[in-house]
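# Structural characterization, general
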Amino acid sequence: MFKQITEAKLNDLHFKYDEDSGLRSIIAIHSTVRGPALGGCRIIPYSCSKDAVTDVIRLARGMSYKAALAGIELGGGKAVIIQPTHDFSREKLFKAFGRFVNELNGRYITAIDSGACVKDMDYIANESKHVTCTSSTGNPGPYTAKGVFLGIKACLSASPELNDSLSGMRVAVQGLGNVGYALCALLHDQGVHLYVSDVDQHKVSQCVDDFGAVSVAAEDIHKTPCEIFSPCGLGGILSEKTIPELQCSVVAGSANNQLLTSACGQQLEEKGILYAPDYLINSGGLIFVAKAHQGWSEQKVNRHIENIYYTLLKLFDRNKQTGEPCSVIADHMAEAMLFGSSPDT
C-alpha cells in the first residue's frame with residue numbers, strides 16, 4: 001500500500017468503519033496544493049479491500065490532474081464506499097460517511113460518483129457542509145457529457161483521416177449512465193450512428209428507442225468497427241488485450257482510469273489511435289461542481305467547459321510534434337502545474 005501511495009505522490013489516505021451503518025470507506029487526498037481536494041464518492045461492491053484502495057488512489061490522482069488541466073483552483077481527492085453485501089439503509093450509510101468527511105476539516109469536499117445519487121448527497125449534507133451535487137446544486141452528468149462532446153470535436157479537428165462533421169460517423173458508446181446517455185443524445189442530434197452497450201439492458205433499450213442506436217454485447221463493444229470508441233463506464237477498459245482488438249481511429253470517453261497500465265498509452269500511439277486523456281476530456285462535471293459550489297453562473301460554467309476543446313487541441317499539436325503518447329503529454333502538463341515541473345523534465 002505504501003508503495004502505491006509513494007508512486008502516486010498521494011498526500012494521505014483515511015479509513016473509516018462504522019458498525020451501526022455498515023460503512024466501510026476510504027478517502028484519498030492526493031494534493032491540496034491548489035486548494036481543498038474535491039472528488040466524488042463512489043459506492044460499488046468491491047471484491048476486496050485491496051481493490052478499493054487501488055481504485056481510490058488512482059482516482060484521487062486523476063482528480064488532481066483533472067483540476068489542474070481544467071484551471072480549477074482545487075486539489076484532488078476521492079472517496080470509495082465498499083457497498084454492503086446485506087440490506088442496508090442508504091440514509092444511515094451516507095450520514096455516517098458525512099461525519100467521516102467532517103473529520104477531515106474541509107480538506108476534502110465530496111460529490112457524486114458511480115453508484116451514488118443526488119439524494120445520497122443530501123444525506124451527507126445533513127452531517128457536513130463539505131459536499132456538493134446536492135438537490136440544490138444538481139447532477140454534473142450532463143456537463144461531463146458536454147465536455148466529452150467538445151473533446152470528440154477536438155479529436156475530429158486533429159485527426160486527418162476524419163471529417164470535421166460528425167454527421168454519418170459511427171460512435172460506439174460503452175456505458176449508458178447519466179453521462180453516457182446524455183452524450184448519446186448530443187451525438188444523435190448531430191446525425192451520428194450509435195452503437196451502445198451496458199450491463200443494464202433497460203438502458204440499452206432506451207437508447208435504441210430514443211436514438212435508433214444498435215445494441216452490442218458488452219464484451220464486444222470495444223471491437224465494434226467505428227470511427228470513435230467512447231468508454232463511459234468503469235475504468236481499465238484499455239488493456240494489452242483489448243487495444244489490439246480496437247477498430248477505431250479515436251478513443252474519447254468519460255470513464256476514469258481508462259488505461260489499465262501506463263504502457264497502454266504507448267500501445268495506442270503505436271496503433272495509430274488518437275487518445276483523448278480521460279481526466280482532461282471528462283472534466284466538465286468537475287468544472288460544474290466546483291464552480292456551482294463557488295456560485296458561478298451557468299453561462300460562466302459553460303464557457304469554462306469550452307476550454308476542454310482548446311486544451312485538447314494544444315495537446316494533440318504537441319503529440320504531432322513529439323510523437324509522445326497523448327497520455328504522457330497530459331501527465332506532464334498537469335504535473336507542471338502541480339509540482340512546478342514534470343518528473344521527466
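This is a predicted model, so every value here is computed, not measured.

Definitions and cut-offs
Residues numbered from 1 in each chain as written. Predicted model: local features only at pLDDT ≥ 70, side-chain atom pairs only at ≥ 80, totals over all residues. Heavy atoms only, no water. Phe/Tyr/Trp six-rings, centres within 6.5 Å; stacked < 30°, edge-to-face > 60°. Helix = DSSP H or I, 4+ residues; strand = E, 2+ residues; numbered from the N terminus. Lys NZ or Arg CZ within 6 Å of the ring centre and 35° of its normal. Pairing = 2+ DSSP bridges. Axes fitted to C-alpha atoms, helices over the stretch in contact; angles between N-to-C directions. Contact = heavy atoms within 4.5 Å. Buried < 20%, exposed > 50% of the residue type's maximum accessible area, 1.4 Å probe, protein only. Salt bridge = Lys/Arg side-chain N within 4 Å of Asp/Glu carboxyl O. Polar contact = N/O pair within 3.5 Å; in protein donor to acceptor, adjacent residues only side chain to side chain. Left-handed = near helix turned anticlockwise from the far one by under 90°. Nonpolar A, V, L, I, M, F, W, Y, C, P; charged D, E, K, R; others polar. Arc of directions from axis to C-beta. Patch = residues over 30% accessible without salt bridge, like charges linked within 9 Å, V, L, I, M, F, W, Y side chains within 5 Å. Areas by Shrake-Rupley, 256 points an atom, 1.4 Å probe, with all protein chains shown as cover.

### Focus: the packing of aromatic side chains
If you walk through the whole model with that rule in mind, you get 5 aromatic pairs. Ring centres of Tyr-65 and Tyr-279 lie 5.6 Å apart, and the angle between their planes is 90°; on these two criteria the pair is classed as edge-to-face. With Tyr-65 in helix H2 (residues 49–69) and Tyr-279 in helix H9 (residues 278–281), this residue pair connects regions lying 214 residues apart in the sequence. Sitting over the ring of Phe-339, Lys-9 keeps its end group 5.8 Å from the ring centre.

### So, the sheet that holds strand S1 (residues 12–18)
Read from one edge of the open sheet, 5 strands run S1-S2-S4-S3-S5, paired in mixed fashion. The two strands at the open ends of the sheet, each matched to only one other strand, are S1 and strand S5 (108–112). Here the average twist between neighbouring strands, direction ignored, is 25°. As judged from the 5 bridges shared by strand S3 (residues 37–44) and S5, these two strands associate in the parallel manner. Of the residues in S5, the one forming a bridge with Leu-38 is Ile-109. Packing of helix H3 (residues 90–102) onto the sheet brings it into contact with S1, strand S2 (23–31), S3, strand S4 (75–82) and S5, and relative to S2 it is tilted by some 35°.

### Side note on unusual backbone geometry
Glycine aside, the phi torsion of most residues is negative, and most peptide linkages are trans. Located in the positive-phi region is Asn-105, a residue other than glycine, with phi close to 55°. Exposure remark for Asn-105: the relative accessible area of 68% places this residue in the exposed category. Unlike most non-glycine residues, Asn-257 shows phi in positive territory, near 50°. Its location among the elements puts Asn-257 in the loop between strand S10 (250–251) and helix H8 (263–270). By relative accessible area, which is 15% here, Asn-257 ends up buried.

### As for the pattern of salt bridges
Applying the stated rule across the entire model yields 15 salt bridges. A salt bridge links Asp-12 to Arg-107, with the nearest nitrogen and oxygen atoms 3.1 Å apart. With Asp-12 in strand S1 and Arg-107 in the loop between H3 and S5, this pair connects stretches of sequence that are 95 residues apart. Between Lys-241 and Glu-245 there is a salt bridge whose closest N-O contact spans 3.8 Å. Relative accessible area serves as the criterion here: at 58%, Lys-241 is assigned to the exposed category. Residue Glu-245 is classed as partly exposed on the basis of its relative accessible area of 25%.

### Things to note about the side chain of Thr-242
As for its position among the elements, Thr-242 is in the loop between strand S9 (228–231) and S10. There is a polar contact of 2.9 Å between the side chain of Thr-242 and the backbone nitrogen of Ser-239. When residues no more than four places from it in sequence are discounted, the contact partners of Thr-242 are His-222 and Ile-237.

### Notes on the environment of Ala-330
Take Ala-330: it is sitting in helix H13 (residues 326–339). Here the alpha-carbon distance between Ala-330 and Gly-138, two residues 192 residues apart in the chain, equals 29 Å. Not counting residues up to four positions away in its chain, the partners in contact with Ala-330 are Leu-69, Pro-277, Tyr-279 and Leu-315.

### A look at the sheet that holds S10
One open sheet accounts for 6 strands, arranged S8-S7-S6-S9-S10-S11; its pairing is parallel. Each edge of the open sheet is held by one strand with a lone partner, namely strand S8 (214–215) and strand S11 (274–275). With 2 bridges connecting them, strand S7 (residues 193–197) and S8 associate as parallel partners. Note on S8: the bridge partner recorded for Tyr-195 is Val-214. This element, helix H7 (residues 201–211), spans S7 and S8 of the sheet and lies at about 170° to S7.

### Remarks on the pairing of S4
Counting buried positions along S4 gives 8 out of 8 residues, so the element sits mostly inside the fold. Burial of S4 is two-sided: the residues Gly-75, Gly-77, Ala-79 and Ile-81 facing one way and the residues Gly-76, Lys-78, Val-80 and Ile-82 facing the other way are all buried. With 6 bridges joining them, S2 and S4 adopt antiparallel strand pairing. In the strand pairing of S4, Ile-29 is matched with Gly-77.

### Digging into the packing of helix H5 (residues 141–158) against helix H12 (residues 307–322)
Contact geometry for H5 and H12: axes closest at 9 Å, N-to-C directions at 35°. Like other packed secondary-structure pairs, H5 and H12 cross with a definite hand, here right-handed. Across the interface between the two elements, Gly-147, Leu-150, Gly-151, Lys-153, Ala-154, Cys-155, Ser-157 and Ala-158 from H5 touch Ile-308, Tyr-309, Leu-312, Leu-313, Phe-316 and Lys-320 from H12. Looking at the contact of H5 with H12, its residues break down into 9 nonpolar, 3 polar and 2 charged.

### Details of H8
Among the residues making up H8, those that are buried are Cys-264, Gly-265, Gln-267 and Leu-268. Each buried residue of H8 lies within a common arc of 160° when the element is viewed along its axis, so the set occupies one face. In this fold, the buried residues of H8 make contact with S11 and H13.

### Quick word on a nonpolar patch on the surface
Together, Met-1, Phe-2 and Phe-15 make up an exposed nonpolar region whose accessible area comes to about 360 Å². We classify Phe-15 as partly exposed; its relative accessible area is 47%.

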